[in-house]
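One-letter residues, chain by chain:
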Amino acid sequence: MKRILVLLLAGAFALAGRAAETRTITIGLVAKSQGNPVFQAARVGAEDAARELGARNHLNIKIDWRTPNEEDAQKQAEAIEQLVLAGADGIAVSCSDANKLTDAINRAVDNGVPVATFDSDAPASKRFVTYGVDDIDCGRQTMEELAKVMGGKGIVAILAGNPNAPNLQNRVRGAKEAAAKYPGLKIRDVYYHKETPQDAVARIEQVMQSNPDITGWAFIGGWPLFTENALKWPAGSVACVSVDALPAQLAYIRNGQVPVLLAQQCYQWGHRSVELLVDKIVFKKNPPEVKEVSPLIPVTKANVDAYAANWTKWLPQ
Amino acid sequence: MPSRRLSLFRLQEGGLLVVIFVLGALLTTFGGRVRTPLLTVGADGTRERVFETNAAGERVPVFVEENKFLNVRNLAQLAKDTSFTAIMAVGMSIVIISGGIDLSVGAAYALASVLGAMVFNHYGPGGPAAGSAVTGVVLGMVTCVGTAALCGLANGALIVALRVHPFIVTLGAMAILRGIAFVVTRGQSVGGFPTAFRGMIGWTTASGLSLVPLGVMIVVTVVGWIFLSRLAAGRRVYAIGGNELASRFSGIGVERVKIGVYVISGLSAGVAALLALGYYGSASSGDGQGYELNVIAAAVVGGASLTGGRGTALGAVLGALVIQMISSGIVILGIDQNYSQIIIGSVVIAAVVLDNLNGWLARRRLVRAGH
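Residues numbered from 1 in each chain as written. Chains lettered and ligands numbered in written order. Predicted model: local features only at pLDDT ≥ 70, side-chain atom pairs only at ≥ 80, totals over all residues.

*Asks:* So what exactly am I meant to see when it comes to the overall build of chain B here?
*Replies:* Check the secondary structure of chain B and you find 13 helices and 6 strands. Relative to its length of 371 residues, chain B is compact, with a C-alpha radius of gyration of 23 Å against a globular reference of 21 Å. Counting across all 371 residues of chain B, residues that qualify as buried make up 48%. Counted over contacts in chain B with a minimum sequence separation of 6, partners at least 24 positions apart contribute 78%. (Helix = DSSP H or I, 4+ residues; strand = E, 2+ residues; numbered from the N terminus. Rg over C-alpha atoms; globule rule 2.2 N^0.38 Å. Buried ≥ 20, exposed ≤ 12 C-beta atoms within 10 Å, placed from the backbone. Contact = placed C-beta atoms within 7 Å.)

See below:
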């Protein structure tokens, strides 16, 4: 009995000691733009990871979200510099322009603040890890899924968002490489637009007006499908495969207009980045590889409901 | 009359200075403290962290604790972040004083950046003319600033020749210039500049402070102040903005002055673009997106009247500083970023309302003095 009491007391003291020592860690999260829902999911992922890891390791982890309203690499660089000055312990960033952010990332690292990149990397910088899809593979996989749906023949258009984003440029490259393997598949063109759902839908409508012979679309980002009624054609008449699988996009799987969505693990961008940063900051542990690839998850009619259930957790409350 | 106008400006800038002081005091008081690693300059001139051995015999970095807002590094950062917008705001103020508006500054900034970047890249470490760094630096600088000035010249010439409202001409120019920037770069980011250029703009003090953007901002402000308040050309800008018809009848070359103000606006965008190129080390056609609104907001907060005839160079810089202080303050205070746009937008509107109130009070004083 005495021994149990001593053990209980020792445990209580240990717990009290730990509570008193609860360390606060601030992790800056700099995504590309506020308005893009994939980055809002990344934010939720980061905040969930902060809560989970905080409880598990007796840490108080704070996520400091500093994302420009519109894509702006200069503003991202300024945000990194401000976070360093404000005492952030680590930073996760999705780079709008790798060249422009390299110096800011290096300065942060030189000041003792480890930096992880997610979604879009700055390969020449001193970031200790990058997490996200392999963009060339992503473009390739999108076009291959489309080719499967179209039976390997038809006229295809690529919807490509911001022409300056290096990750999207790589996806376009991958999509073109994959299309080259199908002699019956002709790429009409790559169409860029401002990365808002409205601009994306407007661009598709313009293109279809002037190119009614297009029979397939490869969306290397999910922008138009973030709105309802974006595709004006009946299911089955024009094939369409898109990257991302946000809640609004899932309706297009259900109505048959989009047979396959390739989900990027955008919730994991935030979640995994925080895990990697906490490992680095608290446990001084480096990841086994600098590049950690997150695979795309195909979403079809078969698994759409199971996938949709995830979003109740991933969306901002 | 000029002395009364001068006193009004003084009053307005005095108000801005009070706002800046109050904001600074609030951020100093409520911003809290931050632990930063202690750095020293090594034998080879590079900055490195200072380490000590703790009780357990481990080598651990040394930290210093300082106020989050009121520390030299943060103030230098604030000045650097302000400088790009502030420099363009001086040019924009001059345009606004003349009764015009320039919506193309962000696009001129992007085009000047990418063309300058292409020249710098050509003479950069990996470029075909890597050996001629000095030539490259000079050519790149001339290209960057010259391109933006030419954009301004084209704007001014079109406004005068076509007699179309500046809003329309510069709105069109905004799309055209950004389109050219995209076509010439094919959407690629351009980096790899001569180290001499990067070293010149990115020069830091021994303690790591980057002061070149601040220095350039001060020079631009002084030049703008001299132009507007000490030169006849500057007074003509006020005259045209105050009453274009009366200025025309009094023999002022309205067209020439109008072209001039757009060239100045272009030049200021070119100088800001050059600084950003040197500091950040790359350019792409997406640069400067939406900057025209930030620059107009800075000029208006700084006291420039959108109806023309009022504004100062110093006011524009202080306006940019107020907006940047709020933006940085949101980070320092740890306020959720979702509220930042609401806060900044409210400040812009409040500044314009105060400006109108100030003008109304001044007019009332004049009427009373007349009686």
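*Asks:* What is the right way to look at the overall build of chain A in this model?
*Replies:* When helices and strands are counted, chain A shows 10 helices and 12 strands. Going through the 317 residues of chain A one by one, you find that 54% of them count as buried. For chain A, contacts bridging at least 24 residues in sequence account for 71% of all contacts bridging at least 6.

*Asks:* I keep staring at the sheet that holds strand β9 (residues 239–243) of chain A and nothing clicks. Help me out?
*Replies:* The strands that make up a sheet are held in pairs by hydrogen bonds between backbone atoms, and each pair lies either parallel or antiparallel. Residues and elements named next belong to chain A. Across the sheet, 6 strands lie side by side as β7-β6-β8-β9-β10-β12; this open sheet has mixed pairing. Looking at the sheet topology across the chains shown, the edges are occupied by β7 (184–192) and β12 (297–299). Direction aside, the axes of adjacent strands within the sheet are offset by 20° on average. Pairing of strand β10 (residues 260–263) with β12, which is carried by 3 bridges, proceeds in the antiparallel orientation. Opposite Leu262, over in β12, you have Pro298 as the bridge partner. (Pairing = 2+ DSSP bridges. Axes fitted to C-alpha atoms, helices over the stretch in contact; angles between N-to-C directions.)

*Asks:* Is there a simple way to think about the interface of chain B and chain A in this case?
*Replies:* Size of an interface, as often reported, equals the accessible area lost when the parts are brought together. Contacts between chain B and chain A engage 31 residues on the former and 27 residues on the latter. Elements with a minimum of two residues in the side of chain B that touches chain A: β1 (33–37), α2 (72–97), α10 (254–280) and α12 (313–332) of chain B. Class assignment for the residues of the side of chain B that touches chain A results in 8 nonpolar, 17 polar and 6 charged. (Nonpolar A, V, L, I, M, F, W, Y, C, P; charged D, E, K, R; others polar.)

*Asks:* What's the story with the sheet that holds strand β4 (residues 115–118) of chain A in this structure? I'm lost.
*Replies:* Residue and element names in this part refer to chain A. Ordered by their spatial adjacency, 6 strands build an open sheet running β2-β1-β3-β4-β5-β11, and the pairing between neighbours is parallel. On the outer flanks of this sheet lie β2 (59–65) and β11 (291–293), each paired with one strand and no other. Each neighbouring strand pair of the sheet contributes to a mean axis angle of 20°, computed without reference to strand direction. In the sheet, β4 pairs with strand β5 (residues 129–132) via 3 bridges, with the strands oriented parallel. Counterpart to Ala116 in the pairing with β5 is Val129.

*Asks:* Where do I start with the pairing of β10 of chain A in this structure?
*Replies:* The side chains of a regular strand alternate between both faces of the sheet. All names here are of chain A. Here β10 shows two buried faces, one formed by Val260 and Leu262 and the other by Leu261 and Ala263. Sheet analysis places β9 next to β10, joined by 3 bridges and oriented parallel. Within the sheet, the bridge partner assigned to Ser242 lies in β10 and is Leu261. The parallel pair β9 and β10 is bridged by helix α8 (residues 247–254), and the resulting crossover is right-handed. (Right-handed = clockwise from strand over helix to strand, strands pointing away.)

*Asks:* Looking at this model, I keep getting lost on the packing of α8 of chain A against helix α10 (residues 304–314) of chain A. Mind explaining?
*Replies:* Each pair of packed helices can be summarised by the angle the axes make with each other and by the distance between the axes. Residues and elements named next belong to chain A. Contact pair α8 / α10: the axes reach a minimum separation of 10 Å and the direction vectors enclose 170°. Comparing their axes, α10 and α8 come out roughly antiparallel. The chirality of how α8 crosses α10 is left-handed. Across from Pro247, Leu250, Ile253 and Arg254 in α8, the residues of α10 making contact are Val304, Ala308 and Trp311. Classifying every residue of the contact of α8 with α10 gives 6 nonpolar, no polar and 1 charged. (Parallel < 35°, antiparallel > 145°, perpendicular 65-115°, else oblique. Left-handed = near helix turned anticlockwise from the far one by under 90°.)

*Asks:* Sorry, what's going on with the packing of helix α3 (residues 73–85) of chain A against α2 of chain B here?
*Replies:* α2 of chain B packs onto α3 of chain A with a crossing angle of 165° between their chain directions and a minimal axis gap of 10 Å. Relative to α2 of chain B, the element α3 of chain A is oriented roughly antiparallel. Seen along the crossing, α3 of chain A lies across α2 of chain B with a hand that is left-handed. On α2 of chain B, the residues that touch Glu78, Glu81, Gln82 and Leu85 of chain A of α3 of chain A are Arg73, Asn74, Gln77 and Asp81 of chain B. A per-class count over the contact of α3 of chain A with α2 of chain B returns 1 nonpolar, 3 polar and 4 charged.

*Asks:* How do you make sense of the nonpolar core when you look at a structure like this?
*Replies:* A general trend in soluble globular proteins is that nonpolar side chains are found buried together. In terms of nonpolar packing, the biggest core is built from 198 residues, with Ile80 of chain A together with Ala89, Ala316 and Val317 of chain B touching the most fellow members. Per-element accounting of this core gives the leading share, 17 residues, to α10 of chain B. Leaving out residues up to four positions away in the same chain, Ala316 of chain B has contacts with Ala86, Ala89, Val90, Met92, Ser93, Ala298, Ala299, Gly302, Ala304 and Gly311 of chain B. (Core = buried A, V, L, I, M, F, W, Y, C linked by C-beta atoms within 7 Å.)

*Asks:* I tried to follow the environment of Gly202 of chain B on my own but got confused; where do I start?
*Replies:* Residue and element names in this part refer to chain B. Its place among the elements puts Gly202 in the loop between α6 (195–201) and α7 (212–230). For the pair Gly202 and Leu275, spaced 73 residues apart in sequence, the C-alpha to C-alpha distance is 8.7 Å. When residues no more than four places from it in sequence are discounted, the contact partners of Gly202 are Ser210, Gly278 and Tyr279.

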